[in-house]
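Chain by chain, the residues run as shown.
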Amino acid sequence: MARPQLDVLFFPISLRFQTNREADLFSYLLPRLGRTAPLLAPSAQKDMLLEALQTPLPEGRTRLVILDGIDEASGWSADAVLFPSAPPAGLRIVVSARARQNQSWRDRLGWTGPRLAKVLSLAPLTRAEVFDTAAQILHPKGIVADAAALDRLFTLSEGEPFVLWLILTEVIETGGSALREGLTAQTIPGLGAYVDRWLREQETLWQEQRHTSNLALVRSFLYLLACAKGPLTSDDLAELAERDLAAAPNLRSAALEALHRLVVRDAAGGYSLAHVHLNWYIRDQQMTRDERNTVARRFKEWTLRALAEVEQGERSPEEAPAYLLRFAAEHLDEGRASPEAWEMLLGARWWSAWRAQGDALDLDYLRFVLGVRELLASRTCTSVAPAEC
C-alpha cells in the first residue's frame, strides 16, 4: 500500500529567537499554504489562514501543522478562531504550550468537542533519567557525583529539565563544590527556590564587597528582561535602567556578568532570560505589582523617548533600537499612549529607521502600518486621526 503524502509545517514561537509576533506566524504559514497576502491587515490574514486550513486536501494527503510554544506569543494569543472548528480530512494540528495555573489551552483553542483533540502531558524526568543526564554531563568534566548527591539533584530539580540544567551548570562552574555546598544550602525544590537562593547568595557577596549599587542594577536588569517581549541589547538595558546606572555608571558589564547563569546572549548581542519559566517566575512571583508597573512605565517612556528623538533628528534612524522596531506598538498600546505618539510611530522618520536597519521591505512596513491602524480602530479611546475615535 502506498504511503500517504505528508506535508509538515513546523513553526517555533519563541521570545528568545524573535518569532513570537502574529506577523511572524502569518509570514511563515501563509506562503506555505499557497496563499499570498500582499497587503492585508492582521485580521484579514487570520481569515486567510483559517480559509487555507479549511480547504479540503487531495485524497491520500495529510497535512501536519506544528506550532511549538504558543504560550510565548507576544501581542496576540492563539484562540478558537485561529484553527478550523471542523478540520477537513487529513488535517492534523499539534500545538505545544507550558501548563500554567488556571489555564486550559484546550478550552482557549475551542478544542472541546468529543474526539476532536487529545491532550498529552510531558512527564518530568524520572530518577534514573536525572542520574543518567547528570553522569553524561559531569563525567566528561571530571566531576563524580555520589549516590547522595544524585538523589539531591533529583529532589531539588523535581525532574524539571531546565532546573536540572541550572544546577548542573552551577556544579560545573564551581568545579564540583556546588555538589557539596550549593545543594546543601538549597532546602526547597523547584525553580523558584533556586532563583531565590541564587539572589540571596549574590546579595551576600556584593554586600561583602560593598557593591550594593551593583545589586540594585542586577535586579533592575533582571526585572527588565523578565518583562521584555524579546531580546534586549546592553545599550537597550542601559537606556531602560538609566536611573539605576546613574548610581553605578561603570557596573553595566559587571551586572550582566553576574546574571550569566540566568541569561543567554544571541548572535546580535541581544540578552534574554534562558527560559520562559524564568520570565514567568520573576514577573509573577518575585516582582510586586508596583514593580511590574514601574517596569511597564520604563518601557513606555523609553519607547516615547526613542520615537521623539528619531522624529526630531536627535537620534539617527540607524540608531533606533531594533527591539522597538518590533515591539514599540505593543508598549504604546499597553501604556495607553497619546495620538501624538502613534503619529510618530507611523511617521516618515520611523519608516526611515525600518529601512535603514534592513528590518523589513516596504511591503512588510505597510503591513505593520495596517496592523497598527487595525489595533487603533479596535480601541475606543485612542486613534491617530480624531475622525476615527
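The structure we're discussing is the one just above.
Trainee: Mind showing me how you'd approach the sheet that holds strand β3 (residues 91-96) here?
Mentor: Backbone hydrogen bonds are what pair the strands of a sheet, in a parallel or an antiparallel way. Here 3 strands make up an open sheet; going across it, the order is β1-β2-β3 and the pairing parallel. Since the sheet does not close on itself, it has two edges, and those belong to β1 (5-12) and β3, each with one partner. Geometrically, the sheet is characterised by an average inter-axis angle of 10° between neighbouring strands, direction not taken into account. One ladder, built from 6 bridges, connects strand β2 (residues 61-68) with β3; its direction is parallel. Directly across from V65, in β3, lies its bridge partner I93.

Trainee: Just checking my understanding: could you explain helix α17 (residues 348-356) for this structure?
Mentor: An α-helical segment advances 3.6 residues per turn. Residues three or four places apart therefore align on the same side. Among the residues making up α17, those that are buried are W350, A353 and W354. In an axial view of α17, the angular spread of the buried residues amounts to 100°, which keeps them on one side of the axis.

Trainee: Would you mind going over unusual backbone geometry with me for this structure?
Mentor: Negative phi values dominate among residues other than glycine, just as trans dominates among peptide bonds. In this structure, E158 takes a positive phi of about 55° despite not being glycine. Along the chain, E158 turns up in the loop between α5 (147-157) and α6 (161-173). The backbone phi angle of R336 is positive, close to 50°, even though this residue is not glycine. As for its position among the elements, R336 is in the loop between α15 (322-334) and α16 (339-345). You can call R336 exposed: its relative accessible area is 74%.

Trainee: Is there a simple way to explain the pairing of β2 in this structure?
Mentor: As paired strands, β1 and β2 are joined by 8 bridges and run parallel to one another. Note on β2: the bridge partner recorded for F11 is L67.

Trainee: What exactly am I supposed to notice about the packing of aromatic side chains here?
Mentor: Two measures describe an aromatic ring pair: the distance that separates the ring centres and the angle between the ring planes. Per the counting criterion, the structure on display carries 7 aromatic pairs. Pairing Y323 with F327 gives two aromatic rings, centres 5.0 Å apart and planes at 50°, and the pair type is tilted. Of this pair, Y323 and F327 both sit in helix α15, separated by 4 residues, roughly a single helical turn. Summarising the burial analysis for this pair, Y323 and F327 share the class buried. These aromatic residues form a ring-pair network of at least three members: F299, W302, Y323 and F327.

Calculation rules
Residues numbered from 1 in each chain as written. Predicted model: local features only at pLDDT ≥ 70, side-chain atom pairs only at ≥ 80, totals over all residues. Heavy atoms only, no water. Pairing = 2+ DSSP bridges. Helix = DSSP H or I, 4+ residues; strand = E, 2+ residues; numbered from the N terminus. Axes fitted to C-alpha atoms, helices over the stretch in contact; angles between N-to-C directions. Buried < 20%, exposed > 50% of the residue type's maximum accessible area, 1.4 Å probe, protein only. Arc of directions from axis to C-beta. Phe/Tyr/Trp six-rings, centres within 6.5 Å; stacked < 30°, edge-to-face > 60°.

Note that all results are geometric; they support no functional claim without further evidence.
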